[in-house]
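Coordinates in review
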Amino acid sequence: MTLVDPIISVRGLVTRFGTQTIHENLDLEVRRGEVLGVVGGSGTGKSVLLRTIVGLNRPAAGRIVVLGEDTGALGDEQRRRLQGRWGVLFQGGALFSSLTVAQNVEVPLRGQAKLPAALRAELAALKLALVGLPAEAGSKYPSEISGGMRKRAGLARALALDPEILFLDEPTAGLDPIGAAAFDGLIRNLQQALGLTVFMVTHDLDSLGAICDRIAVLIDKRLKIGTMADHLKDDHPWIRAYFHGPRGRAARGG
Amino acid sequence: MGLGSLRTTLEGGRLIVAASGAWTIEGAAALDSALRPLPSAGAKGIAFDLGAVTALDTAGAWLVERTRLLCQARGLSFSVSGAAPAFAPLIERVAALGLAPVPPVQAGRGLTDFIAQVGQAMVAVLLQARDMVAFFGAVVVALLRSIRQPGRIRLVSFISHLEQVGLNALPIVGLMAFLIGIVLAYQGVDQLRRFGAEVFMVNLVGVSVLREMGIVLTAVVIAGRSGSAFTAQIGTMQVNEEVDAMRTLGLDPLDVLVLPRILALMVALPLLTFFADVAAILGGALMASVLIDMSLPSFLNQLRQAVTLTTFWIGIGKAPVFAFLIAMVGCFEGLRVQGSAESVGRLTTQSVVEAIFLVVVFDALFSVMFSYLGI
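Residues numbered from 1 in each chain as written. Chains lettered and ligands numbered in written order. Predicted model: local features only at pLDDT ≥ 70, side-chain atom pairs only at ≥ 80, totals over all residues.

Here's the deal with the overall build of chain A
A count of helices and strands for chain A gives 10 helices and 10 strands. The C-alpha radius of gyration computed for chain A amounts to 18 Å, which stays within 12% of the reference 18 Å derived for 254 residues, consistent with globular compactness. Projected onto its principal axes, the C-alpha coordinates of chain A cover approximately 55 × 45 × 35 Å. The buried share of chain A, reckoned over its 254 residues, is 43%. Long-range contacts, defined as pairs at least 24 residues apart, comprise 67% of the intrachain contacts of chain A with a sequence gap of at least 6. (Helix = DSSP H or I, 4+ residues; strand = E, 2+ residues; numbered from the N terminus. Rg over C-alpha atoms; globule rule 2.2 N^0.38 Å. Buried ≥ 20, exposed ≤ 12 C-beta atoms within 10 Å, placed from the backbone. Contact = placed C-beta atoms within 7 Å.)

Shown next as structure tokens:
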């Protein structure tokens, strides 16, 4: 595994639900240390792509290699080890509602690393502080905290094992603009401090401009990958409408 | 890349900790137990040498930082040297979070904790009983209001619940009652045979089914089937904020959710009980013909001598009361759901347990009342 190798590589991916084809021969390479944003219209299969890469959906065809491991050909033990090297933040945070916030963060520490209780509590507190949650939030239940805090807590759980890759599904959806900007900053900051690679599905044009190194547009069942500048020159009607629309212009400060 | 390890040497009263390998979460458990006792080992200070560390994550950085905090608390000197340029920012960042070490867990104080728990559980039960009485009052008020203004009754919702809790419950209630009839008849014949009085098994089946078994068992099945469904339905609506949406639209959840369910069950349960009575007696009749060769007409003839219409009405008369209890508890627990999916599950279980408990308690009260009245 060398640095030039892509950290995630998807080749010829086909996903289908029944007769409906979501992705057709989709290719994707994510480089180590970059923040990749995935955009696309509603229902084009952005979240499906994320779920397929982390193994929640089985692709109909294609090869997905993450951190040098072919995810289609892993045994249970190898898969578990690979899962420890990535973290996933779901849209609503997906915290376990029967556990406190701190216990939620401890779940991966308990399962994967088998740490003593005191160290587990310390590391959970550390992750919560790292994502900017106050110490007293740890003892609360997910239903007792706000949506933004739930997302931060979900991020702390995703970071619990110091993963190399972070998958984010619409991290700023449902946050107010200030909260969203703060969350963007947090992701950028953590990405740099912890050397993460971030794969982010988003609708938020501000996040795209602010923190993404490259942007992948999911269109016609495939991905068009490039920087913001590349996409601005593209004359595909959907991409034009997306980046040149009133919101796109506002996000670029134009 | 080996897991993290450390070697300690004492130099001039200071403990030199030579760290090597990957100081990451995989090896953190071993490092934790090696590092935790060091600050209290009696040295004047601790000096970390991170020169041979190949990888460092937040867990490793925390172990270094925690040792610093423990040294600081004991007034010992502390230093870190040899950290690779890539690692220093992470250690600084973790230090900047301002966390405190967590002491290792001590075993709980058994007896006092136990007594405290008993006390808390007791208070919780009493508070809940108070809330349930308050809810009972609110339901009665809503019922009286809808008698005065029948337009408030949600007819469509009522009919739909009637189908769900009544019609759709027929197969399970019928099967259960039929089998209970068979069991009672079988056991009755077995015991009465000793006295040569097998024929009185008809009395046994008739009286016990009509007075007690028919209604109580139907109520238990319905508590498990419909009471739990009420809690889960209303509870899920609570989680989705549908109940709040209703309130903001000027709809009273009591009118929209609770009354149709209570009324539907109060209509359905007597009918189901009648159905269960018939099925159980048929089960008894079947066993009578199999075990003691008694024909259906002579079974019915014996049954007519054994039971009166009063026996039947005593059973059926309890049905609306039990139905009210089951539906009220189901709705009450559903409305108590707060926030999470976990609380839907917990309160659904609780709703079934409470409903069955109340059914049995009220059945006992009815028995006492009837014996006073001499029925």
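Okay, back to it.
Comments concerning the overall build of chain B
Per the secondary structure count, chain B includes 12 helices and four strands. Over its C-alpha atoms chain B spans a radius of gyration of 35 Å, topping by over 25% the 21 Å that the globule rule assigns to 375 residues. With the C-alpha coordinates aligned to their principal axes, the bounding extent of chain B is approximately 105 × 60 × 40 Å. When each of the 375 residues of chain B is scored for burial, the buried share is 35%.

Side note on helix α6 (residues 177-194) of chain A
Residues and elements named next belong to chain A. The end-to-end C-alpha separation of α6 is 25 Å, in line with the 26 Å expected for 18 residues at 1.5 Å each. Residues A180, F183, D184 and I187 constitute the buried set of α6. Burial along α6 is one-sided: seen end-on, the buried residues are contained in an arc of 100 degrees. Residues of α6 that are exposed and point over 90 degrees away from its buried face: I178 and Q192. After α6 finishes, the residue G195 shows a positive phi value of roughly 65 degrees. (Expected span 1.5 Å × (residues − 1). Arc of directions from axis to C-beta.)

Remarks on the packing of helix α4 (residues 110-148) of chain B against helix α9 (residues 253-291) of chain B
All names here are of chain B. With their axes 11 Å apart at the nearest point, α4 and α9 run at an angle of 90 degrees to one another. By the angle class used here, α4 and α9 are roughly perpendicular. Between α4 and α9, the residues in contact are A138, V139, A142, L143 and S146 and L254, D255, V258, L259 and I262, respectively. Split by residue class, the contact of α4 with α9 holds eight nonpolar, one polar and one charged. (Axes fitted to C-alpha atoms, helices over the stretch in contact; angles between N-to-C directions. Parallel < 35°, antiparallel > 145°, perpendicular 65-115°, else oblique. Nonpolar A, V, L, I, M, F, W, Y, C, P; charged D, E, K, R; others polar.)

Notes on the domain arrangement of chain B
When the parts of a complex come together, some accessible area is lost, and that lost area is often taken as the interface size. Domain parsing of chain B yields domain 1 (5-96) and domain 2 (153-373). Each of domain 1 of chain B and domain 2 of chain B was reduced to a C-alpha centroid, and the two centroids are 67 Å apart. (Domains from an automatic or database assignment.)

Overview of unusual backbone geometry
Residues and elements named next belong to chain A. For L67, which is not glycine, the phi dihedral falls at a positive 50 degrees. By the secondary structure assignment, L67 is in the loop between β4 (61-66) and β5 (69-70). Given 18 C-beta atoms within 10 Å, L67 falls into the partly exposed group.

Structural notes on the sheet that holds strand β8 (residues 197-201) of chain A
Residue and element names in this part refer to chain A. Overall, mixed pairing links the six strands, which are arranged β6-β7-β8-β3-β9-β10 in an open sheet. Each edge of the open sheet is held by one strand with a lone partner, namely β6 (86-89) and β10 (222-226). Neighbouring strand axes in the sheet, compared pairwise and without regard to direction, differ in orientation by 15 degrees on average. Relative to strand β9 (residues 214-219), strand β3 (residues 35-39) runs parallel, the two being bridged by four bridges. Opposite V38, over in β9, you have A216 as the bridge partner. (Pairing = 2+ DSSP bridges.)

Overview of the sheet that holds strand β2 (residues 20-30) of chain A
All names here are of chain A. Read across the sheet, four strands follow the order β2-β1-β4-β5 without closing on themselves; strand pairing throughout is antiparallel. With partners counted over all chains shown, the strands left at the sheet margins are β2 and β5, one partner each. Pairing of strand β1 (residues 8-17) with β2, which is carried by seven bridges, proceeds in the antiparallel orientation. The residue of β2 that forms the bridge with L13 is L26. Seen against the sheet, helix α1 (residues 46-53) touches β1, β2 and β4 and runs at an angle of roughly 115 degrees to β1.

Concerning the interface of chain B and chain A
The interface is formed by 27 residues belonging to chain B together with 22 residues belonging to chain A. Sorting the residues of the side of chain B that touches chain A by element identifies α1 (28-35), α2 (58-74), α3 (88-96) and α12 (341-373) of chain B as the ones contributing at least two each. Here the side of chain B that touches chain A is built from residues that sort into 16 nonpolar, five polar and six charged.

Here we look at the pairing of β3(A)
β3(A) sits mainly inside the fold: five of its five residues count as buried. Of the two faces of β3(A), the one lined by V35(A), G37(A) and V39(A) and the one lined by L36(A) and V38(A) are each fully buried.

Focus: the pairing of β9(A)
Residue and element names in this part refer to chain A. In this sheet, β10 lies alongside β9 in antiparallel orientation, the contact comprising five bridges. Bridging from a neighbouring strand, V217 pairs with K224 of β10. Hairpin connection, β9 to β10: the antiparallel pair is bridged by two residues, and D220 has positive phi, about 50 degrees.

A few points about the packing of helix α6 (residues 170-192) of chain B against α9(B)
Residues and elements named next belong to chain B. Contact pair α6 / α9: the axes reach a minimum separation of 7 Å and the direction vectors enclose 40 degrees. In terms of orientation, α6 lies oblique with respect to α9. Handedness of the crossing formed by α6 with α9: right-handed. (Left-handed = near helix turned anticlockwise from the far one by under 90°.)

A word on the nonpolar core
Ranked by size, the top nonpolar core spans 95 residues in total, and within it I8(A), L36(A), L128(A), A156(A), F167(A), V198(A) and F199(A) carry the most contacts. Considering every element that reaches this core, the biggest residue donor is helix α4 (residues 117-130) of chain A, with eight residues. The contact partners of L36(A), leaving out residues within four places of it in the chain, are V30(A), V198(A), F199(A), M200(A), C212(A), D213(A), R214(A) and A216(A). Core analysis: the next-biggest nonpolar cluster, separate from the first, contains 57 residues, L184(B), I222(B), A288(B) and L335(B) among them. (Core = buried A, V, L, I, M, F, W, Y, C linked by C-beta atoms within 7 Å.)

Overview of the environment of G12(A)
All names here are of chain A. Here G12 shows up in strand β1. For G12, a count of 14 C-beta atoms within 10 Å gives the class partly exposed. Spatially, the C-alpha atoms of G12 and G185 are 34 Å apart, while their sequence positions differ by 173 residues.

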